[in-house]
Amino acid sequence: MPQGKMNAAIMDEPLSIAVKQVEIPVPKHNEALVKVYCIGVCGSDVHYYEHGKIGRYVVKEPIVLGHELAGEVVAVGKDVSNLSVGDRVAVEPGVTCGQCDYCKSGRYNLCPDVVFLATPPVNGAWAEYIVMPSAYLFKLPDTMSYEEGALLEPLSVGFHAMQRGKVKPFDRLLITGLGPIGLLAGQAAKLFGVTEIYGTDVVPYRRQLALDMGFTAALDPMNENVGERLAELTGGAGITLIVESSGNARAMADTINLVNRGGRIVFVGLPATEAVPMDMGQLIDAEIDAYGVFRYANTYPAAIQALQRSAVDIEKIITHRYALSDIKEAVETARTQKDTSIKVMIYPRLP
């Protein structure tokens, strides 16, 4: 088992981050030590880096960020039986209590005592090694790359959105906001058999990437009448399911007018404001079902199984790759180049 020091990216205050030496963690009886192969930069990481907080979660002391990762098991605790040294694994980053009503009912993403990587004061995984309870590590098939393993975390948000929205293969789906979550929600929809997928975003690069990833059409809400265009594109049949991932208040409010009567809306993106005006009369009159999404639950095994048997390519969202030693440049790219960077991937040992 590796011992001694390892490299980890430490954020000590907003806009200040550097690689430092810390102790390699030692796995407990139910844990495994994972050598991190690659780890993504999430929007929440960028927000903590830029502002030092998200809502009630405040960075009060130096922290390691990062929670989208995959790697290799290099040591296991004495009670671990589901994994062996050498296994390639994806990491589900939220450790729940397992005892509350939410956990026992299968909705463990709502556990009030969840310990989630890179959510203050919990350290994340922008490091060479991390320890995790073995129950939150999932073996990757030989046909899946480490990059796909790391992207299972954001893919799981889209996968969970499909489950929440009761998606069917014959749905006509609209995804508003084509950042990493929106684009991966489109790929998750494909895993559920959906073939008619529309997207909207104000950024041309993101719209083009959506088309490259198999979206039926990608619209510019600033310069097109989205409702009219969707009517044209669907031959008047309209949209049966919307996944709102932009967090834009206007986009959120518009969903009620863009979905069919009896349709479904899944809200994924978090708005910057606490309250978003909605036409509740229209929602009630049209008998629209509205769902919220908070992270995900029970998605990793299903997503792995579906992904390995499909032609879906989720790695297309990776636009930049950096060594851990270049962490400052990596996070700044994600922060300042939002028009051209989708998913920034970090490698403790750049391949």
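For the structure itself, look to the data block above.
Everything numeric here is computed off the predicted structure, so don't read it as measured data.

1. So, the packing of helix α1 (residues 43-51) against helix α10 (residues 327-336)
- Between α1 and α10, the least distance of the axes is 10 Å, while the angle of their chain directions is 100 degrees. The orientation of α1 with respect to α10, classified from their angle, is roughly perpendicular. Together, V46, Y49 and E50 of α1 and K328, V331, E332, A334 and R335 of α10 make up the contact between the two elements.

2. Some remarks on the environment of D220
- Take D220: it is sitting in the loop between β14 (217-219) and α6 (226-233).
- Setting aside residues no more than four positions away along its own chain, D220 makes contact with D201, V202 and R207.
- In terms of polar contacts, D220 uses its side chain to reach the backbone amide nitrogen of M222, at 2.9 Å.
- Among the polar contacts made by the side chain of D220, one reaches the side chain of N223 at a distance of 2.7 Å.

3. Comments concerning the pattern of salt bridges
- All told, the structure shown has 14 salt bridges when counted by the stated rule.
- Ionic pairing is found between R261 and D285, a salt bridge with its closest N-O pair at 3.0 Å. Here D285 lies in helix α8 (residues 280-285) and R261 lies in strand β16 (residues 259-267), a separation of 24 residues in the sequence.
- The exposed category is assigned to R261, whose relative accessible area is 60%.
- Connected through shared salt-bridge partners, E50, E332 and R335 make up one network.

4. Concerning the environment of G238
- Among the secondary structure elements, G238 is positioned in the loop between α6 and β15 (239-244).
- Sequence separation between G238 and Q187 is 51 residues, and the spatial gap between their C-alpha atoms is 21 Å.
- Excluding residues that lie within four positions of it along the chain, G238 makes contacts with R172 and N260.

5. A few points about the sheet that holds β15
- Across the sheet, which stays open at both edges, the 6 strands sit in the order β14-β13-β12-β15-β16-β17 with parallel pairing between neighbours. Of all strands in the sheet, those with a lone pairing partner are β14 and β17 (289-292), marking the two edges. Averaged over all pairs of adjacent strands, the angle between their axes in this sheet comes to 20 degrees, without regard to strand direction.
- Note that strand β12 (residues 172-176) and strand β13 (residues 196-200) share 5 bridges and pair parallel. Note that in β13 the partner of T176 across the bridge is T200.

6. Describing the nonpolar core
- Core analysis: the biggest nonpolar cluster contains 51 residues, and L152, L155, L173 and L183 have the highest contact counts within it.
- Taken together, the elements giving at least two residues each to this core come down to α3 (146-164), β12, α4 (180-191), α5 (204-212), β15, α9 (300-308) and β19 (343-347).
- The element contributing the most residues to this core is α3, with 9 residues.
- Excluding anything up to four places from it in sequence, L152 contacts A90, L140, M144, Y300, A303, I304 and L307.
- With 46 residues, the next largest nonpolar core counts V64, V91, Y129 and I130 among its residues.

Parameters and conventions
- Residues numbered from 1 in each chain as written.
- Predicted model: local features only at pLDDT ≥ 70, side-chain atom pairs only at ≥ 80, totals over all residues.
- Heavy atoms only, no water.
- Axes fitted to C-alpha atoms, helices over the stretch in contact; angles between N-to-C directions.
- Helix = DSSP H or I, 4+ residues; strand = E, 2+ residues; numbered from the N terminus.
- Parallel < 35°, antiparallel > 145°, perpendicular 65-115°, else oblique.
- Contact = heavy atoms within 4.5 Å.
- Polar contact = N/O pair within 3.5 Å; in protein donor to acceptor, adjacent residues only side chain to side chain.
- Salt bridge = Lys/Arg side-chain N within 4 Å of Asp/Glu carboxyl O.
- Buried < 20%, exposed > 50% of the residue type's maximum accessible area, 1.4 Å probe, protein only.
- Pairing = 2+ DSSP bridges.
- Core = buried A, V, L, I, M, F, W, Y, C linked by side-chain atoms within 4.5 Å.

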